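Below, each chain spelled out in residue letters.
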Amino acid sequence: MKKLKSKYLAIPIIIGVLSLVLLVIGNIAFQDKDYKLYVDFQSDVAAKKVSTVYVTNSPKIRVKLKDGKSYDTDNPRTDKFKEELLNKGIKVSEQSPTYLYEVIPAAMLSFSIVTIAILLMRSSKVASKGLRGVDSLDATAVDNVPFTFNDVAGNEEAKESVKDLVDFLKNPDKFTSYGARMPKGIILYGDPGTGKTLLAKAVAGEANVPFYAMSGSDFVQVYVGVGASRIRQLFKKARSHGKAVIFIDEIDAIGKKRDNSTAGGSEEKDQTLNALLTEMSGFNEKEGIIVMAATNRLDMLDSALLRPGRFDRHIEITLPDIAAREKILVLHLKNKPVGEINIKEWAQKTSYFSGAKIESLVNEAAILACKEDSGSIEDRHMDKAFSIVLAGHEKINRDHIKDKDKQITAYHESGHALLSLKVLPMDKLSKVTIIPSTKGAGGYTLSIPEDSLYQNKDYLKRRIMVLLAGRAAEEITFGPESITTGAYNDFQHTTKMIYNMVTQYGMGNTLGLLNLSELSSSVNVNHEAIIEECKDTIDSLYSEVRSILTENKELLERMTSALIEKETLFYEDIIELTADNNSVVQVS
Ligand code: ADP
Ligand code: MG
Ligand code: ZN
């Protein structure tokens, strides 16, 4: 459609430009005319030199002499002017002599302007109609989804829960003959990148039915009613195929809990949500259509969505545990040239990685191996890729970094590293670097946390201490007036952690075991007291960090010097460096 439009537009544009050129040329050609006073004209008339006078309505009139010359003179604008001239045997024309040169291009110009306007209006009408129209609905069915359960590693419970959906899609009559009702809607919930979309695709792939995917945000449009109409079109399309899996990603964009505060503006969302619910109750179980939706957080969804007969099956997709990570690694390393890679070790190192993060780790490693043209992916590629995935690419141009800044970063990172060794010896310190990353960090310290189901209060406090240690090291070394903005990101984390501890996890005193989010807004919560408790806790942890660093000042200095010299320290370097001082500090 776009090509057609530009082709039609070209013609009037060319005509318009041509006529403009003609107009200009015409004007220039007739511009070099002389001007004579009216009295001189009268004497020319008396001398019978004049052949033609072009009497128009303009202030100047044109005079053509018998010898072919011509000039302008003032228009006397008398009623008898024409008659007088005619009486003297002079031809009078009431058209300007440049008439044809002006009128034709001018006509062409206005013609092309009108045509361009009409064409533009039409195409924009098509576009705006398309916004509402059936054709624009970008949910295209993928018929032969190339995914099966084999492409989903780990998440065995989730796979088990969707297996009967596949059976149902393959043979809905069997289920209805037993009087079994299949859920119409399934919600997959869990952290980003855990494979929710992948699992939904796998269901369609296993059952060999078309897969319709849209995102909740596609339905949230500027125009009221568009979302609802898109929902209806989506279902209409899917039904026309008979069986299908409809997948709605980011369902929270339309199905968020309604709160009373945002009265206006949510009308569009409500309409869309209602359309979805109506469509879902509209088809009956035998039809073989299953709606799967994904969200990062189940507790954000409107309860209307979760009622029986709607999205009544909720499947949690969790971050992979170590065994699942190994499977995901194997899966994504399959079909790639792999050299000496200790997959078990990488499964260990990637704790708290999502499937998507592991996929991108393997991909980065493959890219590095390819750039190096080394023939296969080796451990060193994985190492480098690991840092890239966690912290971004290293900045290549580092010459402009001042020695002073380098020194500050080195103390800051050594602070993190030292505290990590002293209070979290179980988390493996895998890398400390003062090489800035393209993500904006001046340097970073990577430690690999142990896999665990829960994080206890003591652990959280220790993590906060490690995060505070960057600033503490700066302050101890350079004095309180020389602290930098480098700890900005650390404080974002610590603030969030302490606030969650006090208000969400029942680990504080002010609220005790109450959860702040669950308290209704009518309750008078003493926010100041909460903030005070958070601040006091952080303050006391900070002073503890400071004293640990002061006690180990010698090690801090040694680590900093090593960092400035080598820029990056790995696990082995750190072990060597701390061989004489590896006692663990007890935290009160
Ligand atoms: P989500 O929808 O939960 O955000 P995706 O399904 O989009 O996550 O996952 C993104 C990518 O990450 C997938 O295409 C896949 O390559 C990889 N991935 C995620 N989880 C898994 C898994 N369990 N097994 C294999 N690959 C996975
Ligand atoms: Mg997704
Ligand atoms: Zn820091």
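As the structure is a prediction and not an experimental result, all values here were calculated from the model.

What counts and how
- Residues numbered from 1 in each chain as written.
- Chains lettered and ligands numbered in written order.
- Predicted model: local features only at pLDDT ≥ 70, side-chain atom pairs only at ≥ 80, totals over all residues.
- Heavy atoms only, no water.
- Axes fitted to C-alpha atoms, helices over the stretch in contact; angles between N-to-C directions.
- Helix = DSSP H or I, 4+ residues; strand = E, 2+ residues; numbered from the N terminus.
- Left-handed = near helix turned anticlockwise from the far one by under 90°.
- Contact = heavy atoms within 4.5 Å.
- Nonpolar A, V, L, I, M, F, W, Y, C, P; charged D, E, K, R; others polar.
- Core = buried A, V, L, I, M, F, W, Y, C linked by side-chain atoms within 4.5 Å.
- Buried < 20%, exposed > 50% of the residue type's maximum accessible area, 1.4 Å probe, protein only.
- Domains from an automatic or database assignment.
- Buried area = accessible area lost by both parts, 1.4 Å probe.
- Polar contact = N/O pair within 3.5 Å; in protein donor to acceptor, adjacent residues only side chain to side chain.

**Q** Help me understand the packing of helix 5 (residues 156-170) against helix 7 (residues 196-207), please; the structure alone is not making it clear to me.
**A** Two quantities define a packed helix pair, namely the angle between the helix axes and the distance between the axes. Packing of helix 5 against helix 7 brings their axes to within 9 Å, and their N-to-C directions diverge by 35 degrees. Between helix 5 and helix 7 lies a crossing whose hand is right-handed. Residues Ala158, Lys159, Val162, Val166, Leu169 and Lys170 of helix 5 pack against Leu199, Val203, Glu206 and Ala207 of helix 7. Of the residues in the contact of helix 5 with helix 7, the class split is seven nonpolar, no polar and three charged.

**Q** I would appreciate a short explanation of the nonpolar core in the present structure.
**A** Here is a general trend for soluble globular proteins: nonpolar side chains tend to be buried in one another's company. Core analysis: the biggest nonpolar cluster contains 44 residues, and Leu419, Val423, Ile464, Met465, Val545 and Leu549 have the highest contact counts within it. Mapped onto this core, the elements with two or more residues apiece are helix 17 (403-423), strand 11 (428-433), helix 18 (457-478), helix 19 (488-503), helix 20 (527-551), helix 21 (553-566) and helix 22 (571-577). Residue contributions to this core peak at ten residues, all from helix 18.

**Q** Would you take a moment to explain the domain arrangement of the protein for this structure?
**A** Quoted interface sizes are often the accessible area lost when the parts come together. What the domain assignment lists for the protein is domain 1 (2-101), domain 2 (149-316), domain 3 (322-391) and domain 4 (403-577). Taken over C-alpha atoms, the centre of domain 3 sits 28 Å from the centre of domain 4. Contacts between the two partners involve eleven residues from domain 3 and, on the opposite side, 13 residues from domain 4. Taking both partners together, domain 3 and domain 4 bury about 940 Å²; carbon and sulfur atoms supply 52% of that area. Interface area lost by domain 3 to domain 4 is led by Tyr352, Ser387 and Ala391, which between them contribute 53%. Scanning the region where domain 3 abuts domain 4 turns up three residue pairs in polar contact (both at pLDDT 80 or more). Elements supplying a minimum of two residues to the side of domain 3 that touches domain 4: helix 13 (322-333), helix 14 (343-349) and helix 16 (379-391). If you tally residues by element for the side of domain 3 that touches domain 4, the top one is helix 16, at five residues.

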